[in-house]
Amino acid sequence: MPRPTAPPPFEFFDRDRPAGGDGRAAIAIGPIEIELRGLEASLARTLDERFAPFSADRGTSSDALRVELRMAERDYFIEPPARPEINPVLIACDGDRVRFLGYRLAGWFETAGPRGAAVLAQGSYEPPERALENYIRAAVAWRAASRGGALVHSASAVLNGRGYLFFGPSGVGKSTLSACNRRARIVSDDLSLVLPGAGGALDLVGSPFRGTYEGGGPVTGRFPLRAGFRLFQAPRAEVRPAARLRAFSELVGNLPFVAEAFARRPDLFAGVERAFAGVPLAHLHFARDESYWDAIESAGYTA
């Protein structure tokens, strides 16, 4: 059977299916809150532990996305491969609602409203907490975009109270750069959340999406975003100016879950453009050491 090319239609989620249990798990990442209901008890505990210290044990606000989880009789929605692959995630935008599909999970959510639903399949190729986390990441990305922010495929760090993004495609060195760091607090080596603050300027927001980085504890809080850098590996560290249009297009290419839907939601693209208008973007050539911070300082981005 060929692999699906799109998530199932909304009618798919109207079928009567059992819940996995009566457990719940909730996360609060800055103002973005997501609550999952209908979880088996052990899965709820696993998610609470996975998302600590972002777990919202005391409930969520009226603005939270509330997702009802149901169980499917089938093993998978996307058949697992014979060899490991980049985890497939299919997204379809229907105005203010988004449909999602992964190996074991099909779902939908409102981009700004409180409603969502998910159906979890029975197969063992992907742990249920990972299937749900991919869905949560997609929901966070869309809810960030609806607020004038973004979830960026990037490493991120906090130095002297300011946030920095280091973006680029897989293999460019985000994890390497993070592992070399000794001066700053690493927020993530994979996905970084930015949201507008009270004055409209972007903040780097601590989140549980840390990638493979294990060099320190989770970073919480909000930090003014000082600059963003498209990464290039090189023999020595150097910050190079980049044409604004080129640097911004490189950034847009690293907005997972959302960028492919900009044609359907040009308002979101315009929002990202406005949000990053005041953020300096440049190219950072870096070696496999911490000298990139010296290059950033020399270029005036730590002042």
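Now for a description of the structure that goes with this document.

The rules behind each value
- Residues numbered from 1 in each chain as written.
- Predicted model: local features only at pLDDT ≥ 70, side-chain atom pairs only at ≥ 80, totals over all residues.
- Heavy atoms only, no water.
- Helix = DSSP H or I, 4+ residues; strand = E, 2+ residues; numbered from the N terminus.
- Buried < 20%, exposed > 50% of the residue type's maximum accessible area, 1.4 Å probe, protein only.
- Contact = heavy atoms within 4.5 Å.
- Salt bridge = Lys/Arg side-chain N within 4 Å of Asp/Glu carboxyl O.
- Core = buried A, V, L, I, M, F, W, Y, C linked by side-chain atoms within 4.5 Å.
- Pairing = 2+ DSSP bridges.

This next bit is on the side chain of Thr111. Among the structural elements, Thr111 can be located in the loop between β6 (105-110) and β7 (115-120). Using a relative accessible area of 4% as the deciding quantity, one classes Thr111 as buried. Among all residues touching Thr111, those that are not within four sequence positions of it are Asp96, Arg97, Val98, Trp142, Arg143, Ser146 and Arg265.

Attention now moves to the pattern of salt bridges. Inspection of the entire model under this criterion finds 18 salt bridges. When the shortest N-O distance is used, the salt bridge between Arg246 and Glu250 registers 3.0 Å. With Arg246 and Glu250 both in helix α4 (residues 244-252) and four residues apart, the pair spans about one turn of that helix. Given the relative accessible area of 14%, Glu250 is considered buried. Via salt bridges that share partners, Arg24, Glu35, Arg37, Arg66, Glu68 and Arg70 belong to a single interconnected network.

Our focus in this paragraph is the nonpolar core. The tendency in soluble globular proteins is for nonpolar side chains to be buried as a group. Trp142 and Phe276 are the most contacted members of the largest nonpolar core, which has 69 residues in total. If near-sequence neighbours (up to four positions away) are discounted, Trp142 is found in contact with Ile91, Cys93, Val98, Phe109, Thr111, Phe257, Val258, Ala261, Arg265 and Leu268. Ranked by size, the runner-up nonpolar core spans 23 residues in total, among them Tyr164, Ile186, Ala227 and Ala295.

Within strand β2 (residues 32-39), seven of the eight residues are buried, leaving the element largely enclosed by the surrounding structure. Inspection of the sheet shows strand β1 (residues 23-29) paired to β2 by seven bridges, in the antiparallel sense. Bridged to Ala28 within β2 is Glu33. Between β1 and β2, which follow one another and run antiparallel, lie two residues, and Gly30 among them has a positive phi close to 60°. Examined bridge by bridge, β2 and strand β3 (residues 65-71) share four bridges and lie parallel to one another. In the strand pairing of β3, Leu36 is matched with Val67.

Take it as geometry only, folks, not as evidence of what the structure does.
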